[in-house]
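Structural features, examined
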Amino acid sequence: MTACVPSQTDRPARPAPPGGHRFRIAGADLSASISVFLIALPLSLGIALATGAPLQAGLVAAAVGGLVVGRFGGAPLQVSGPAAGLTVVTADLIQRYGWRTTCAITICAGLAQLGLAALRVARSALAVSPAIVHGMLAGIGVTIALAQLHIVLGGSPQSSAVSNVRGLPAQLANLHPGALFVSALTVAVLLLWPRIPGNAGRVVRKIPAALAAVALATTAAALAGLRLERGDLPSWSSHALPELPEGPALGLLAAVLTITLVASVESLLSAVAVDKLVAARKTPGIRIPRARLDRELAGQGAGNLLSGALGGLPVTGVAVRSSANVAAGAVSRSSTMLHGLWIAVAALLLVPVLDLIPLAALAALVMVVGVQMVNITHLRSVRRNREMLVYAVTITAVVLTGVLEGVVIGIAVAVAVALHRLARTRITVEERDGVHRVRARGQLTFLAVPRLSRMLHQIPQEARCVVELDGSFMDHAAYEALHDWRTAHIAQGGAAEFTGREGGSIAEPPSGEPHVCCGPWTPWRNHHRSGDEAPWSGGLQLASGLSFFQRNTAPLVRGELARLAREGQRPSQLFLTCADSRLVTSMITSSGPGDLFTVRNVGNLVPLPGADSADDCVAAAIEYAVDVLRVESITVCGHSGCGAMQALLNTPEQRPGDPDAPGTPLTRWLRHGQPSLARMKSRQHAWAGISGRPTDDVVEQLCLTNVIQQLEHLRAHEAVARALAENRLALHGMYFHVGEAQAYLLADGAGAGAADALDEEVFNRVSPTEREESRA
């Protein structure tokens, strides 16, 4: 049964955000731009100080990042400017080639980014292992912190991280009390400012911690009359502009490549992170478009081109400023552009004020930023995914050799680890009750064939053997080895059986027939068939499909179905899903005969008890499954692109049970989905979301919310409530994305009805490696 719902194209279901008109600025954008400006101003000066560039170069980059990248980039709420991730690279280039040549290298990197955007390769940058990216950023953070620590103590940084470590004892023996006091005050304010309790804390936290720290340190230094080195912004008339690069061609090419690589990857990863932050933010009536990565890369290229031409630092997307922009309530790119305008105004009018800032305060600010780049959350994620070796090697290589060399070494180690895991296959043999069991754990490739053959030939002739294959991949060489051994073993009077990880038998296909258990009525893309055996070749699809089943599938399942006919059905789960023809229940759950008691209807709806006697079919199935079949769990499964949810969005509101409700049978049935629509619109419930990515559109949002709401309806049924009270039944939510062939499970405890925390209505991706990780 499928719903006859006209197909609809994806279109914005929410009104355009304020500020959509070119000359209109929303109040939220204005306030957000001021917040971001107050954060960006001291950070831009501090990053310029850390690189050894003129302090004005940081302001130029911040202004260009806001005005140019904010206007032409593909991530509306991402804030660009000078970033700590490029500090080490830029400092090395300035020391090696000079500031003006570094500006020319920045221009070339911008041109390279424009070229990459034209080739539409932005998505490819996301293929870099997160362990390498996090290791690179952590390595840069360690290098920054070591260099700025010398300024914090009243000295000057050395040329490399190793030199900074070696020079630290001498620096500690020659402290500058004034610089140390200002730096300690800056760090203390940075760390304690967000933790001020009470009403006073809520008031003062409106001022960014970075601005408060620098302002208080500057004021304290002025009141104490400390003689410290301060910021010195030269006159704009003497501002250094780029010159033609001079130096070895390979060195300059490597420099351009490094700036391009680091700036592009950091910007794209930041854009993806901003998308997640925007999706988690509940702002009724506001729909922010997702980042267009190729356009964002082009915007970053234009920003670097102009920043280098104006004598500014390299530009990249900055996660800290972007997250502040989202948290401040920005609704369009106007906030980013306004923040760039405020930076430009400050650079022109506030030079006397900026000249009062002690360099020790800026160094302490950047040092804290560097330490925070070693992110504990990233470290836990890397450890959970068993990539600590890649992370550790990358961070060490970046600190000891440099960013580009460190990333290359990290990629080499990641490839080596992947090959090791692919080649690592555990093969064991044991005998129990006269049965020899061969267990193969891992991927079976040609590299494992020698060990596999050696183990198999240890099996005595005429013995019964079970080969358990616990892996997701087997290449042709391994398949041939297993097949040839099985044929020879059976010929010698033995018995051989192949099983999967769950112990289910893997049968060999009948000789001369296609290697397939059952075939679809319509050909799948890349699903190859041969000969005239395809069941859709005849005029009557149903009849030819039945013929194909009787000829090919029935011999394989006849024994199991005969057992079920004798013993009766004993399913462990009630599976309630949509009637959509694209949902093949047995395929996505890897279930077989007797496993699931399945109920399908339009929109996977569960009518409330007593809503309409005409809809008792679902209630009857629930009662039979819980009280008679004694199922252990019930799963409500929604899916992407649900026609019922699309129709529900366009259906006038009708209460279930209204006998005078007009409309077609489909319209009357969709009344039972109105609570899901109301839940999605309500502010009393958290929006359902998918862990790791934002929802595609309002239809997907409703599909997810509908699963949670139908779980609520299940609890209202007497049989379900009684079984839950007896602790013999569990309820689960599931979402299947058809286009991605990806299943998501609702987090444990979600949709309890009373909770409104975001993390209690999150659908988590089902990973193919979850079983292996739990075993490890």
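The next subject is the overall build of the chain. If you tally the helices and strands in the chain, you get 31 helices and 14 strands. Among the 776 residues that make up the chain, the fraction classed as buried is 47%. If you take every contact in the chain between residues at least 6 apart in sequence, the share linking residues at least 24 apart comes to 74%.

Take helix H1 (residues 27–51) next. For H1, with 25 residues, the first-to-last C-alpha span of 36 Å sits near the 36 Å given by 1.5 Å per residue. Approximately 25 degrees is the largest bend angle found in H1, and it occurs at Ala40, with the proline Pro42 only one to four residues beyond. One or two residues past the end of H1 sits Gly52, with phi positive at roughly 85 degrees.

Turning our attention to the sheet that holds strand E9 (residues 596–601). Strand order in the open sheet formed by seven strands is E9-E8-E10-E12-E13-E14-E11, with mixed pairing between adjacent strands. In this open sheet, the two strands that pair with only one neighbour each are E9 and strand E11 (689–690). As paired elements, strand E13 (residues 742–746) and strand E14 (residues 762–765) share three bridges and run antiparallel to each other. Bridging across to E14, Leu746 finds its partner in Phe763. Along the sheet, helix H29 (residues 698–715) contacts strand E10 (633–639), E11, strand E12 (730–737), E13 and E14; its crossing angle with E12, the most-contacted strand, is approximately 160 degrees.

Looking now at unusual backbone geometry. Despite not being glycine, Arg120 has its phi angle at roughly 55 degrees, a positive value. Inspection of the secondary structure assignment puts Arg120 in the loop between helix H4 (99–118) and helix H5 (122–125). Look at Asp433: it is not a glycine, yet its phi comes out positive at around 55 degrees. Assignment of secondary structure puts Asp433 in the loop between strand E3 (426–432) and strand E4 (435–441). Its relative accessible area of 76% is what places Asp433 among the exposed residues.

Below, the discussion takes up the packing of aromatic side chains. Under the definition given, this model contains three aromatic pairs. Relative to Tyr624, the ring of Phe597 has its centre 5.9 Å away and its plane inclined at 40 degrees; by these criteria the two rings are tilted. With Phe597 in strand E9 and Tyr624 in helix H25 (residues 616–628), the pair connects residues that are 27 residues apart, well separated along the chain. Taking 6.4 Å as the distance between ring centres and 65 degrees as the angle between the ring planes, the aromatic pair formed by Tyr735 and Phe763 counts as edge-to-face. With Tyr735 in strand E12 and Phe763 in strand E14, the pair connects residues that are 28 residues apart, well separated along the chain. Since its relative accessible area comes to 0%, Tyr735 is described here as buried. Here the aromatic cluster, defined as three or more aromatic residues joined through ring pairs, consists of Tyr735, Tyr744 and Phe763. Across from the ring centre of Phe72, 5.5 Å away, lies the NZ or CZ of Arg71, which sits over that ring. Note that Arg486 overlies the ring of Phe498, its terminal NZ or CZ placed 5.9 Å from the centroid.

The next point concerns a positive patch on the surface. Taken together, the side chains of Arg386, Arg421, Arg424 and Arg426 make up a positively charged region of the molecular surface. Judged by relative accessible area, Arg426 falls into the exposed class, the value being 55%.

For the structure on display, the rule yields 14 salt bridges. Residue Glu468 is joined to Arg441 by a salt bridge in which the shortest nitrogen-to-oxygen separation is 3.5 Å. Highlighted residues: Glu468 in strand E5 (residues 464–470) and Arg441 in strand E4, separated in sequence by 27 residues. In this structure Arg441 comes out as partly exposed when scored by relative accessible area, which is 24%. One continuous salt-bridge network, built from bridges that share partners, spans Glu430, Arg432, Arg439, Arg441 and Glu468.

On the surface, Leu67, Leu341, Val345, Leu348, Leu349, Leu350 and Val353 cluster together into a nonpolar patch covering about 610 Å² of accessible area. The residue Val353 is located in helix H16 (residues 351–354) in this model.

With that out of the way, let us pick up the confidence of the model for the chain. For the chain, per-residue confidence averages 81 on the pLDDT scale, and 85% of positions sit at 70 or higher. Long-range and interchain partners of residues 750–759, a stretch whose pLDDT sits below 50, account for 20 contacts in this model, where long-range means more than four residues apart.

As for its position among the elements, Gln148 is in helix H6 (residues 130–152). With a relative accessible area of 1%, Gln148 lands in the buried category. Among residues more than four places away in sequence, those in contact with Gln148 are Ala50, Ala363, Val366 and Met367.

In this sheet, E14 lies alongside E11 in parallel orientation, the contact comprising two bridges. The residue bridging Gly689 from the neighbouring strand is Val762, located in E14.

Under the definition given, this model contains three cavities of 30 Å³ or more. In this model, the largest cavity occupies a volume close to 70 Å³. Lining the largest cavity, in full, are Val128, Ile132, Val133, Met136, Leu261, Val262, Val265, Val407 and Ile411. Among the elements of the structure, H6, helix H12 (249–280) and helix H20 (403–423) are those that each provide at least two residues to the lining of the largest cavity. Of the residues contributing to the lining of the largest cavity, the split by class is nine nonpolar, no polar and no charged.

Right, let's talk about H25 for a bit. Between its first and last C-alpha atoms H25 spans 17 Å; for 13 residues at 1.5 Å apiece the expected length is 18 Å, and the two agree. Contacts made by the buried residues of H25 are with strand E8 (573–578), E9, E10, helix H27 (665–669), H29 and helix H30 (718–725). Count one or two residues on from H25 and you reach Arg630, which has phi positive near 55 degrees.

A separate point is the pairing of E3. With seven bridges connecting them, E3 and E4 associate as antiparallel partners. In the sheet register, Ile427 faces E4, and the bridge partner there is Ala440. Where E3 hands over to E4, the hairpin turn is made up of two residues, of which Asp433 adopts a positive phi near 55 degrees.

What follows covers the environment of Ser80. Along the chain, Ser80 turns up in strand E1 (residues 80–81). Along the sequence, Ser80 and Ala40 sit 40 residues apart, while their C-alpha atoms lie 9.7 Å from each other. Only 2.8 Å separates the side chain of Ser80 from the side chain of Gln300, close enough to count as a polar contact.

Below, the discussion takes up the side chain of Ser591. Mapped onto the elements, Ser591 comes out in the loop between helix H24 (585–589) and E9. Classification of Ser591 by relative accessible area gives buried; the value is 18%. Separated by 2.7 Å, the side chains of Ser591 and Thr589 make a polar contact. Not counting residues within four places of it along the chain, the set of residues in contact with Ser591 comprises Thr585, Ser586 and Leu596.

Turning next to the state of the cysteines. Under the defined criterion, the tally for this structure stands at zero disulfides. The closest cysteine sulfur to the non-disulfide-bonded Cys703 is located on Cys642, 5.1 Å from its own sulfur. Look at Cys703 and you get buried, because its relative accessible area is 2%.

Here is what the cut-offs are and how they apply
- Residues numbered from 1 in each chain as written.
- Predicted model: local features only at pLDDT ≥ 70, side-chain atom pairs only at ≥ 80, totals over all residues.
- Heavy atoms only, no water.
- Helix = DSSP H or I, 4+ residues; strand = E, 2+ residues; numbered from the N terminus.
- Buried < 20%, exposed > 50% of the residue type's maximum accessible area, 1.4 Å probe, protein only.
- Contact = heavy atoms within 4.5 Å.
- Expected span 1.5 Å × (residues − 1).
- Bend = angle between axes of the 7 residues up to and from the residue.
- Pairing = 2+ DSSP bridges.
- Axes fitted to C-alpha atoms, helices over the stretch in contact; angles between N-to-C directions.
- Phe/Tyr/Trp six-rings, centres within 6.5 Å; stacked < 30°, edge-to-face > 60°.
- Lys NZ or Arg CZ within 6 Å of the ring centre and 35° of its normal.
- Patch = residues over 30% accessible without salt bridge, like charges linked within 9 Å, V, L, I, M, F, W, Y side chains within 5 Å.
- Areas by Shrake-Rupley, 256 points an atom, 1.4 Å probe, with all protein chains shown as cover.
- Salt bridge = Lys/Arg side-chain N within 4 Å of Asp/Glu carboxyl O.
- Lys, Arg positive; Asp, Glu negative; His and termini not counted.
- Charge placed at Lys NZ, Arg CZ, Asp CG, Glu CD.
- pLDDT = per-residue confidence, 0-100.
- 1 Å grid on protein atoms, 1.4 Å probe; cavity = no way out; pocket = protein on both sides within 12 Å on 5 of 7 lines; lining within 4 Å.
- Points joined across faces, edges and corners; volume = space filled by probe spheres on them.
- Nonpolar A, V, L, I, M, F, W, Y, C, P; charged D, E, K, R; others polar.
- Polar contact = N/O pair within 3.5 Å; in protein donor to acceptor, adjacent residues only side chain to side chain.
- Disulfide = S-S within 2.5 Å.

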